[in-house]
Structures are given as structure tokens and as C-alpha cells.
Amino acid sequence: DGSEINRAVVNVPDPRIEPLVKMYQPAKTVPATLELVDIPGIKPGSTIGGGRGTRLLGHIKDVDAVIHVVRCFEDDSVPFEYDSIDPVRDVETIDLEMMVADSQTLQNKIDRLAPKAKSHDPEVIKEKADCERVRADLDEGIPVRKQDLSGRELHSIRECNLLSLKPVLYVANIKSVDDLDNPHVQALRALADSQSAEMISICGCDEADICQMSPEEQTEFLAELGLKESSVERLIRAAYRLLGLVNFFTTGSDEVRAWTCRKGDKAPVAAGKIHTDMERGFIRMEVMRYDDLIELGSEAAVARAGKQRLEGKEYEVQDGDIVVVRFSPPK
């Protein structure tokens, strides 16, 4: 089923890169990226007994979040597998298939733990009991992300990479801007609200048109539609919010580059995104704020103003930090 999977690496638009490029005139510019894995719709019952649905879902085991694109428009000329348009039914179908797959994954782990549990190892017995409890709730139709698990329970199931534990972003696929608030969109929004999830609307037809335009035409077209940015940008921003991601930068005449880490990541972890050696041999991080650099005009001016800082291992990297990592390479 690998042929049905589409993978795309998309550049993350960040308006801060252009001013940095003007300042440093680097030989190379590298934006931050997100990888999207697109699998086709999954039919009811296709995950039972490890069928096609299970294989398809296997491709998204390692993702950080699930973006669920749901049809929210009526149009007989666009084929659809159901006779009616019903976003809530479509979401519940996929949720159910994910839960069936998760239940099987947990059962496999429970079976693996069973012989070890006979040795009366208290850790193994606890781990097996945690997996059994999560599986019982799944079989009652409660996705793992709604099960309010303790830290220990999360640790017990971590290696299973359960699909229904991943945060979800709902995307209402609409036909035109006039559809922005049709009853189907309203139904999906109510469902998203009930799960404290985010929902955005994307107009597939317009998006295809936008891709063919020059950047100037795009801006004009989006303004006419009353949109400030294309759907892809809105999708990426929503994914960033969902995952709690921030961008930080490395700069110089050789390269200006945006990097991504999670909000709250400590300096060594963020440095590890640049190179694993930097995390292992981390000494300190020199940090300036993007806003200070742009306002003061040069690194030297930032340093003179006393706004360049030295941070240690406990520093949490902030969105817009420009960093230099000092580390000792492994011997």
C-alpha cells in the first residue's frame, strides 16, 4: 500500500527570514520544514484483522499530530464514497478505525508482557495493567487522548505510538469562500469544539488556482477573497500551535537558517536539532532576539547595547532567538 501514500516536505513560511537574508547576504538560505504524510480515506472495518486500513494507518504511526481533512461541501460532480455529506459521521468512522488499530497494538504488547508478568516483576505487572486499562477504555469508544492518563500510564504505552493519542487538527474542505459557514462546517466546528481541538477551513479549488500564480498575484487574489494568507500557511500555523512549535535561527555569511523546536525545549535539546554532537557536548548558547537585531541593525550594535546573552543548559529557547552554540565535539 506504499504506492497510495504521499509524502511532502513543505517549507514553513516565516517573514523574519527575508530581513535576515538582506542583512547577512548568505550563500544559502534554509527555511524550517514540516513533513506531511497523506494517506487516503479509510473505509469502515478495514482495520479488523490487520487489513488494508491497518497497513495505511501504519504509515502515520510516527507522526506528531493528525490533520483530518473532512469534506464539507455538496457537489454531485465530485465523487464521494457515501451518498450523503456528513462530517461528523466521517470523523467518527476514522476515529473508530484508529481505536480498533490501537486496541490491536495494545493487545500485542499485553501478549508480549504476559510471560514476563508471571515472574511477579512489579514493574511489568503495572505496565501490563496500564495497557489493559487503556485498551478497555478504547473498546468503550474513548480515544486515548480523552482518557486523562497519568504520567506513568503514558510511559507504559509510549512505545505503542497510539494513533488516538495524537493531537488532531480538523480541516473543513470547502468548495468556495461562500461555504465558510455552511451547516456541514458548523457541524465539524461543533465537533472540534467538543474535543477542544482546532478547526480551519480550506478551499481546495482556490488553493489549486493560487499555486499557479506569481507571489504578487497571490497576495492580490487572497486580499480579494478576504484572506490574509493561503490555506497552506494557515494549515502550517495551526499545526505549529497544535504541536507547540517555535522557530529559532542561525545566521552568518554562509547560511541563514530557521530551525524548529518545541516550546519549552531546553538549550541543549534545541542545539541537538542543529547537530546531535551539539546536544551531547553542549557548553553554552549565545542568544540575541530577532527584534533587537533588526531594531539595532547589526550583531555588534546588539552586543554594545548589552542585549547579547550567554545562556546555559536550563535556558528554554524562545521563538525568534538567534543562536550560536558553543560545544565540545565528542572525542
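See the structure shown above.
Keep in mind it's a predicted model, so treat the numbers as computed, not measured. (Residues numbered from 1 in each chain as written. Predicted model: local features only at pLDDT ≥ 70, side-chain atom pairs only at ≥ 80, totals over all residues. Heavy atoms only, no water.)

**Some thoughts on the pattern of salt bridges**
Summed over the entire model, instances satisfying the criterion amount to 26 salt bridges. For Glu153, the salt bridge is made with Arg133, and the minimal N-O distance between the two is 2.8 Å. Here Glu153, found in helix 5 (residues 151-157), pairs with Arg133, found in helix 4 (residues 122-139); they are 20 residues apart in sequence, far enough to count as distant. Residue Arg309 pairs with Glu311 through a salt bridge whose shortest N-O separation is 2.8 Å. Several salt bridges converge on common partners, so that one network encompasses Asp14, Arg16 and Asp319. (Salt bridge = Lys/Arg side-chain N within 4 Å of Asp/Glu carboxyl O. Helix = DSSP H or I, 4+ residues; strand = E, 2+ residues; numbered from the N terminus.)

**Focus on the nonpolar core**
Residues Ile39, Leu57, Met98, Tyr170, Leu188 and Met199 are the most contacted members of the largest nonpolar core, which totals 25 residues. Listed by contribution, the elements that provide at least two residues to this core are helix 2 (52-58), strand 4 (66-71), helix 3 (87-117), strand 5 (168-174), helix 6 (183-194) and strand 6 (198-203). Counting residues in hydrophobic clusters, the runner-up holds 22 residues, among them Ile17, Val21, Ala32 and Tyr290. (Core = buried A, V, L, I, M, F, W, Y, C linked by side-chain atoms within 4.5 Å. Buried < 20%, exposed > 50% of the residue type's maximum accessible area, 1.4 Å probe, protein only.)

**Quick word on the sheet that holds strand 4**
Spatially, the three strands line up as an open sheet ordered 4-5-6, and their pairing is parallel. Looking at strand neighbours, the two that pair on one side only are strand 4 and strand 6, the edges of this open sheet. With strand direction ignored, the average angle separating the axes of adjacent strands in the sheet is 25°. Bridge count between strand 4 and strand 5: six bridges; the pairing is parallel. Looking across to strand 5, one finds that His68 is bridged to Tyr170. Most of the contacts of helix 6 go to strand 5, to which it runs at about 175°, and overall it touches strand 4, strand 5 and strand 6. The sheet contacts of helix 9 (residues 231-243) involve strand 4, strand 5 and strand 6, and relative to strand 6 the element is tilted by about 165°. (Pairing = 2+ DSSP bridges. Axes fitted to C-alpha atoms, helices over the stretch in contact; angles between N-to-C directions. Contact = heavy atoms within 4.5 Å.)

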